[in-house]
Amino acid sequence: MDFKFQRKRLNEIPEAKILDELEKAAKHFNYIEFGHREFSKIADISGSLVKKRYGGWKKGLEALRKRLQEKGLSLSPRPHAPNRIYSDKELFAEMERIWQKVGQRPSKTEWEMSEPRISYPCYKKRFGGWTNACLKFIEHKMGGDILAEDFVIVEQASQQVGKTDYKKESSRDIPLGLRLKVLSRDNFRCSFCGKSPATDFGTKLHIDHVTPFSKGGKSVLENLQTLCEACNLGKSDTFIKVGQ
Ligand SMILES: [Zn+2]
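All of these numbers come straight from a predicted model, not from anything done at the bench.

## Notes on the overall build of the chain
Helix and strand counts for the chain come out as 13 helices and two strands. Taken over 244 residues, the chain has a buried fraction of 18%. The contacts of the chain with a sequence gap of at least 6 include a subset with a gap of at least 24, amounting to 51%.

Below, the structure is given as structure tokens:
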């Protein structure tokens, strides 16, 4: 029902009106290519409507180019802007989009094949390397300092090489790659209550052993789950949950 209604409304807007709006935006942006978000901010219609109508933003711009051409005008490609400063929010949003698309931490090739809106080198430069960029993203998704705490443990453990408690500490630590797999599998949400730092303010996520480490539970994907702090703290070693 809703869908039909939406379609009807979309079709009710004449193409000429859409092209007028695009042309108005072109003028606003000094005839330099613009994105659908920028367009939405200044036009009477939304960028997503243009995308729906033409089957993509680029195709919408093609239609605009044709119209401008008829008037002896043109739309210059957007200049390469290496100095554009993206906010952390923009950087993380784009990383999440591609991460979800490839279903894991994206490699350089996977990133570049995913039509990124922000370049791979941009992340490397901003965060001092790709791994760090991914770490910052995870930290952001987990709600803050959880990883930092883990790193303290790792650092302490490496200083204690040779001491008896080193092995005990380090074997409990969950390798980063595995941690990312667990988070990605659980869609960065608590497996119990579904909360995520992205949508529920103040939520922090932990990686939890289903069968506790102290009860012989191993640090393997099948025995790990994402829990929010509240759900995780309500759990003790004597409480063994049934696996999912
Ligand atoms: Zn929870």
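Resuming the write-up.
## What to know about unusual backbone geometry
For residues other than glycine, phi is negative in most cases, and the peptide bonds are mostly trans. Phi is positive for Tyr 31, which is not a glycine, with a value near 60°. Structurally, the position occupied by Tyr 31 is in the loop between α2 (15-28) and α3 (36-42). Look at Glu 115: it is not a glycine, yet its phi comes out positive at around 45°. The residue Glu 115 is located in the loop between α7 (108-112) and α8 (120-127) in this model.

## Topic: the packing of helix α4 (residues 47-54) against helix α5 (residues 57-70)
Between α4 and α5, the shortest axis-to-axis distance is 7 Å and the interhelical angle comes to 85°. One finds that α4 runs roughly perpendicular with respect to α5. Between α4, through Gly 47, Val 50, Lys 51 and Tyr 54, and α5, the contact on the second element is made entirely by Trp 57, Lys 59, Gly 60 and Ala 63. Of the residues that constitute the contact of α4 with α5, the class distribution is four nonpolar, two polar and two charged.

## A closer look at the pairing of strand β1 (residues 205-209)
With four of its five residues buried, β1 lies for the most part within the structure. Note: β1 against strand β2 (residues 224-228), five bridges, orientation antiparallel. Looking across to β2, one finds that Asp 208 is bridged to Gln 225.

## A look at the nonpolar core
Most often, soluble globular proteins keep nonpolar side chains buried together rather than apart. Counting 17 residues, the largest nonpolar core has Phe 137 and Leu 205 as its most contacted members. Counting residues per element, the ones that place at least two in this core are α6 (88-102), α9 (130-142), α12 (176-185), β1 and β2. With four residues, α9 is the single largest residue contributor to this core. Taken domain by domain, this core gets at least three of its residues from each of domain 2 (88-142) and domain 3 (146-233).

## Let's talk about the environment of Phe 127
You can see Phe 127 is positioned in helix α8. Beyond its immediate stretch of four places on either side in the chain, Phe 127 contacts Asn 132, Ala 133 and Lys 136.

## Remarks on α4
Within α4, the full set of buried residues consists of Gly 47, Leu 49 and Val 50. The arc that holds every buried residue of α4, seen down its axis, measures 155°, which confines them to one face. Positioned one or two residues after α4, Gly 55 has a phi angle of 75°, which is positive.

Criteria and thresholds
- Residues numbered from 1 in each chain as written.
- Predicted model: local features only at pLDDT ≥ 70, side-chain atom pairs only at ≥ 80, totals over all residues.
- Helix = DSSP H or I, 4+ residues; strand = E, 2+ residues; numbered from the N terminus.
- Buried ≥ 20, exposed ≤ 12 C-beta atoms within 10 Å, placed from the backbone.
- Contact = placed C-beta atoms within 7 Å.
- Axes fitted to C-alpha atoms, helices over the stretch in contact; angles between N-to-C directions.
- Parallel < 35°, antiparallel > 145°, perpendicular 65-115°, else oblique.
- Nonpolar A, V, L, I, M, F, W, Y, C, P; charged D, E, K, R; others polar.
- Pairing = 2+ DSSP bridges.
- Core = buried A, V, L, I, M, F, W, Y, C linked by C-beta atoms within 7 Å.
- Domains from an automatic or database assignment.
- Arc of directions from axis to C-beta.

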